[in-house]
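Working through the structure, step by step
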Amino acid sequence: MELNSTNEKRICMIGPPPNEKGGVARATLLYIYIFKNILKYNTILFPLTLLDVLRNPGILKLFRSCNVIHLQGPQTLLLLVLFTTARRPRIILTLHGWVIKEALINFSRLNKKTFRRFFGLIYIMILWSLYRHLLNRSIIDYITSVSRITARENGINEALIVPNPILCRPLDPCRIHSSIHYHNFRIVTYVSIGGGKIESVPTAVAIVNLVNKLLKMNNLQMSVTLEIYGKDIPDYILRIISHIPFVKYMGYVSDFKGKIKGADLFLIPYTFPELGFAVLEAICMGIPIAKLTADPTEEEIIDGFNGILATSLHEMVVKIYNYLLKRDKQKCYIAKNAISTILKKRDPQVISLYWKYIFESLLGHGR
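Residues numbered from 1 in each chain as written. Predicted model: local features only at pLDDT ≥ 70, side-chain atom pairs only at ≥ 80, totals over all residues. Heavy atoms only, no water.

Taken as a whole and judged by the stated rule, the model has 13 aromatic pairs. Their ring planes at 5° and their centres at 6.1 Å tell us that Tyr-31 and Phe-35 sit as a pair that is stacked. Of this pair, Tyr-31 and Phe-35 both sit in helix α1 (residues 23-38), separated by four residues, roughly a single helical turn. Ring centres of Tyr-270 and Phe-272 lie 4.4 Å apart, and the angle between their planes is 20°; this geometry places the pair in the stacked category. An identical accessibility class is assigned to Tyr-270 and Phe-272; each is buried. Sitting over the ring of Tyr-270, Lys-197 keeps its end group 5.4 Å from the ring centre. (Phe/Tyr/Trp six-rings, centres within 6.5 Å; stacked < 30°, edge-to-face > 60°. Helix = DSSP H or I, 4+ residues; strand = E, 2+ residues; numbered from the N terminus. Buried < 20%, exposed > 50% of the residue type's maximum accessible area, 1.4 Å probe, protein only. Lys NZ or Arg CZ within 6 Å of the ring centre and 35° of its normal.)

Dropping the structure here:
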């Protein structure tokens, strides 16, 4: 069976509702954009839970028209069984985060660790074990991952790596200047539970603190402010950073790109090789990125070309210090190269080629 009329093929997305906060919701909307507007598939989003299906059994009838079900993360086993008994569609699972690690971090953040919550943690661990060892061979046709490190941390080495797309019109970094001029610099960062990025907050604070000390030690009338964005920071960290004068906790904002516009640098204080949505949006706004790394060979960032890369905290401090002294020249050069390399490979037209291959391999021949 050839794909002569893709609009006759229905892609059913199972993911978070469009108004939900966070990167997974944004990624889901971008997938829908690619599937509908570029690949021309009939695409529907179902923000479903098992409770939704039990309350409205008629939903199962809709799944009889689905050629492909695209899961944005593991679903409950009963829900997956209901999908496959309604009709045997092709199933794709996309991994956005580190399933077990994020569950453990969520559990550790709870003030009251009840038996119910502990049981929920154990359930997720068992569920993911079943996905890894059974379901990905018997029910799920394709597993994709937004990065190689995400596939590796989830124990799915055979996942197809499909980077998150980003839809934006990049600003010209050579025409953008910091809203706070040369004596005061803005470094911004975004942290989330994904990959345990919230654990890197103390590192970001330590880096900016040392940069400020280095500026003062050299009698430079300059200072750096760190703006931290995100919604997942634990209360105990918030209490600590609230007393630090150069740190501003901004929380989760709907207009993230607008808020960070004009910043001098976006700091990525974690070491694993992944660039999240916030990083891509910073590049979109013409802001250079600086990242810690455990292995430079796994990074998309080429130090001094399309970003700043450092293998230790102290190396990062020195590199940021030197960058700030030559900010006007280096900001334009680094940001332009990041747009033409990192951002270009995530253009929806480029990412659509991955999904075209996946859908044609699933739907271009009989079961």
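Continuing now.
This model, assessed by the stated rule, comprises three disulfides. Disulfide pairing is shown between Cys-12 and Cys-66; the S-S distance is 1.9 Å. When the S-S torsion is -80°, as for the bridge of Cys-12 with Cys-66, the disulfide is left-handed. With Cys-12 in strand β1 (residues 10-14) and Cys-66 in the loop between α3 (59-63) and β3 (68-71), the pair connects residues that are 54 residues apart, well separated along the chain. Assessed through its relative accessible area of 0%, Cys-66 is described here as buried. Between Cys-174 and Cys-332 runs a disulfide, and the two sulfur atoms are separated by 1.8 Å. Here Cys-174 and Cys-332 share a disulfide; its torsion about the S-S bond, 50°, makes the bridge right-handed. (Disulfide = S-S within 2.5 Å.)

If you look at the biggest cluster of nonpolar residues, it comprises 52 residues, and the most contacted ones within it are Phe-35, Phe-266, Trp-355 and Phe-359. Only β1, α1, β7 (184-190), α10 (256-260), β10 (265-268), α11 (277-284), α13 (327-343) and α14 (348-363) provide two or more residues apiece to this core. Ignoring anything within four residues of it in the chain, the contact list for Phe-266 reads Val-188, Thr-189, Tyr-190, Phe-256, Ala-278, Val-279, Ala-282, Ile-287, Pro-288, Ile-289 and Ala-290. Counting 37 residues, the second-largest nonpolar core is a separate cluster that includes Ile-228, Ile-241, Ile-244 and Tyr-323. (Core = buried A, V, L, I, M, F, W, Y, C linked by side-chain atoms within 4.5 Å. Contact = heavy atoms within 4.5 Å.)

Mapped onto the elements, His-243 comes out in the loop between α9 (235-241) and β9 (247-251). A relative accessible area of 69% means that His-243 is categorised as exposed. His-243 sits 49 residues away from Gly-194 along the chain, and the two C-alpha atoms are 26 Å apart.

Bringing the environment of Ser-129 into the picture now. Along the polypeptide, Ser-129 turns up in helix α6 (residues 115-138). The class of Ser-129 is partly exposed, set by a relative accessible area of 33%. With 25 residues separating them in the primary sequence, Ser-129 and Asn-154 have C-alpha atoms 9.7 Å apart.

A low pLDDT score tells you not to read the predicted coordinates there in detail. For the chain, the average pLDDT comes to 87, and 90% of its residues sit at 70 or higher. Counting interchain partners and residues more than four positions distant, the pLDDT-below-50 stretch residues 1-5 has nine contacts. (pLDDT = per-residue confidence, 0-100.)

Across the sheet, which stays open at both edges, the six strands sit in the order β2-β1-β3-β4-β5-β6 with parallel pairing between neighbours. Of all the strands in the sheet, the pair left with one neighbour each is β2 (42-46) and β6 (160-161). Bridge count between strand β5 (residues 142-145) and β6: two bridges; the pairing is parallel. From the neighbouring strand, Ser-145 faces β6, where its bridge partner is Ile-161. Running at roughly 150° to strand β4 (residues 90-95), α14 makes contact with β1, β3, β4, β5 and β6 of the sheet. (Pairing = 2+ DSSP bridges. Axes fitted to C-alpha atoms, helices over the stretch in contact; angles between N-to-C directions.)

Moving on, we come to unusual backbone geometry. Residues other than glycine predominantly adopt negative phi, and peptide bonds predominantly adopt the trans conformation. Despite not being glycine, Lys-40 has its phi angle at roughly 65°, a positive value. Tracing the backbone through its elements, the reader meets Lys-40 in the loop between α1 and β2. Lys-40 sits in the partly exposed class, given a relative accessible area of 48%.

With that settled, the discussion passes to the pairing of strand β8 (residues 223-229). Two faces belong to every sheet, and in a regular strand the side chains alternate between them. Counting buried positions along β8 gives five out of seven residues, so the element sits mostly inside the fold. Here β7 runs beside β8; their pairing, made up of seven bridges, is parallel. In the strand pairing of β8, Asn-184 is matched with Ser-223. Sheet analysis places β8 next to β9, joined by four bridges and oriented parallel.

Looking now at the pattern of salt bridges. Scanning the entire structure with this criterion turns up 14 salt bridges. Between Glu-227 and Arg-186 there is a salt bridge; the shortest N-O distance is 2.9 Å. Remark: Arg-186 occurs in strand β7 and Glu-227 occurs in strand β8; sequence separation between them is 41 residues. Linking Lys-291 and Glu-299 is a salt bridge whose minimum nitrogen-to-oxygen distance equals 2.9 Å. Each of the two residues, Lys-291 as well as Glu-299, counts as buried. (Salt bridge = Lys/Arg side-chain N within 4 Å of Asp/Glu carboxyl O.)

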